[in-house]
Amino acid sequence: LIRRAILGAVLVAAIGCGDINGAQPLAGAAHYQPESGAWSLAYLSPPWLFVGGQGDSAGFAVAPSLLSIDVAHATVTLTIDRHQTAADAAAQAGLDAWKAAHPSGSAPASPTNITNMAGQMGVEFAAADASATEFHREVYFDAPAGCFGLVFEGRVPLDTADVTSLVAGFETATQ
Amino acid sequence: MRRSLVAALMFLALPAAAQKTPDDYGPTPTPDDYGPSPSGQAERSARAASRPTTDQGETPPVVERLERQAPILQLAWRRFAVGRAGDAMPGTDSAMDGIMFEWYPVSSFVRFGLATEYARENSSRADHDWYLAEHLSLGLQRPGPITPFIEGTAGAGYFKRFVVSQVQPTAIWEFGANAGALFHFSGPAFVSVSAGWVHPVWLLVSVDQMSLTQVYRDSFAIKLGLGF
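Here the structure is a predicted model, which is why all the values come from computation and not from measurement.

Tallying secondary structure elements over chain A gives three helices and eleven strands in all. Reading chain A from its N terminus to its C terminus gives the helix and strand order α-β-β-β-β-β-β-α-β-β-β-β-α-β. Radius of gyration (C-alpha) of chain A: 20 Å, far over the 16 Å computed for a compact globule of 175 residues. Projected onto the principal axes, the alpha-carbon positions of chain A cover approximately 70 × 45 × 25 Å. In chain A, which comprises 175 residues, the share counted as buried stands at 45%. Working note: accessible area of chain A is about 8,500 Å², and carbon and sulfur atoms make up 56% of it. Put simply, chain A has 6 plus and 16 minus side-chain charges, and the middle of one group is 18 Å from the middle of the other.

Along the backbone of chain B there are two helices and nine strands. Helices and strands in chain B line up, N terminus first, as α-α-β-β-β-β-β-β-β-β-β. Counted over contacts in chain B with a minimum sequence separation of 6, partners at least 24 positions apart contribute 55%. Surface summary for chain B: the accessible area is close to 13,400 Å², and the carbon and sulfur share equals 65%.

What follows is about the nonpolar core. Membership of the largest hydrophobic core comes to 46 residues, with the highest contact counts inside it found for A:Trp39, A:Leu41, A:Trp48, A:Phe60, A:Leu78 and A:Phe152. Judged by nonpolar contacts, the second largest core, of six residues, contains A:Ala87, A:Ala90, A:Ala91 and A:Val123.

Counted according to the given criterion, the structure contains ten salt bridges over all chains. Two residues, A:Asp162 and B:Arg125, come together in a salt bridge whose shortest N-O distance is 3.1 Å. Of the two residues, A:Asp162 sits in helix 3 (residues 161-168) while B:Arg125 sits in the loop between strand 3 (110-121) and strand 4 (130-141), which places them in two different chains. Each member of the pair, A:Asp162 as well as B:Arg125, carries the same accessibility label: buried. Here B:Arg79 ties to B:Asp97 by a salt bridge, and the two come within 2.9 Å at their closest N and O atoms. Here B:Asp97 lies in strand 2 (residues 95-107) and B:Arg79 lies in strand 1 (residues 73-81), a separation of 18 residues in the sequence. Each of A:Asp162, B:Glu121, B:Arg125 and B:Asp129 takes part in a single network of salt bridges with overlapping partners.

Conventions and cut-offs
Residues numbered from 1 in each chain as written. Chains lettered and ligands numbered in written order. Predicted model: local features only at pLDDT ≥ 70, side-chain atom pairs only at ≥ 80, totals over all residues. Heavy atoms only, no water. Helix = DSSP H or I, 4+ residues; strand = E, 2+ residues; numbered from the N terminus. Rg over C-alpha atoms; globule rule 2.2 N^0.38 Å. Buried < 20%, exposed > 50% of the residue type's maximum accessible area, 1.4 Å probe, protein only. Areas by Shrake-Rupley, 256 points an atom, 1.4 Å probe, with all protein chains shown as cover. Lys, Arg positive; Asp, Glu negative; His and termini not counted. Charge placed at Lys NZ, Arg CZ, Asp CG, Glu CD. Contact = heavy atoms within 4.5 Å. Core = buried A, V, L, I, M, F, W, Y, C linked by side-chain atoms within 4.5 Å. Salt bridge = Lys/Arg side-chain N within 4 Å of Asp/Glu carboxyl O.

In structure tokens, the structure reads:
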């Protein structure tokens, strides 16, 4: 029995001790960067799937299930776009627009700050509709020209650590 | 006077007549019907008298029966951090509480154990990760009222993770080592305390990059158990 146990332990050891240290931030995450190099995103795939990109814009989604690529019925979608205004102004404009479209929804009075893994300061807000079945989150980071906005739409709460981790993996180019 | 004498004789004779066992009570009991005589006490006294004595004339204690002081079954709780792949702060909210049912088919100076563990994430997240794993352990111990031990472990199982509310089935295997002691408090019953190191490894499947990635983590682990 002991011999079998040792053999089993050796077989298990042969599987591997790991490639990436999970104690490091964003360990095991995939990376996407548009051709311009204006920004980059570290994302865990799955659940995040790259849907498509054009110029400095890109789309990502969390499919309804692990075995699905039906992004049309995604649990969460993320759209990244360039904006011509500063991050503060873009976040405030986004919050005002959302409140106008969802007068009975719940949203903060004003955007708050958030920091990514590169130490860049962003501005964000999270909101939910009156029935708390549709959730919304917008995050903006300043760029050398204007800012980049990350707009999340989802059927699950978006002010969670999982989504915040994705935001932390977003970084704008400084040049 | 004569009447008084007759009455006194009758008074003395009546109790004897009343204490006589009637015939329908069966045979008169013999000493054997009351079980063996306390001869064991006499034998123990004789053995004690024949024992060697110390220089001070004291009789050294003799252990009548050896109690088993090595584990056979144990129910244990342990806590460690398994981490969270892809997280910006992988150390936050990644503590796992595991319940382990352990069986030691070999348990003398060498101990070999099998353990089934269910562990669940201890965090404030809405969805809690959990895993189910089977472990093997091999170690050394010194049986006694306090049984110190050291052992190495290896295990594998199924890890169910939740990321953005989506289930992420993940393979997990784990190595570890720990040391501690069993404290016997009533015969073979004991409580155990141990601490050590665990090295869980996850197998991540990257859909976008079509690759397999092994993510590992090193963590301190503490375990408390109750068994016999």
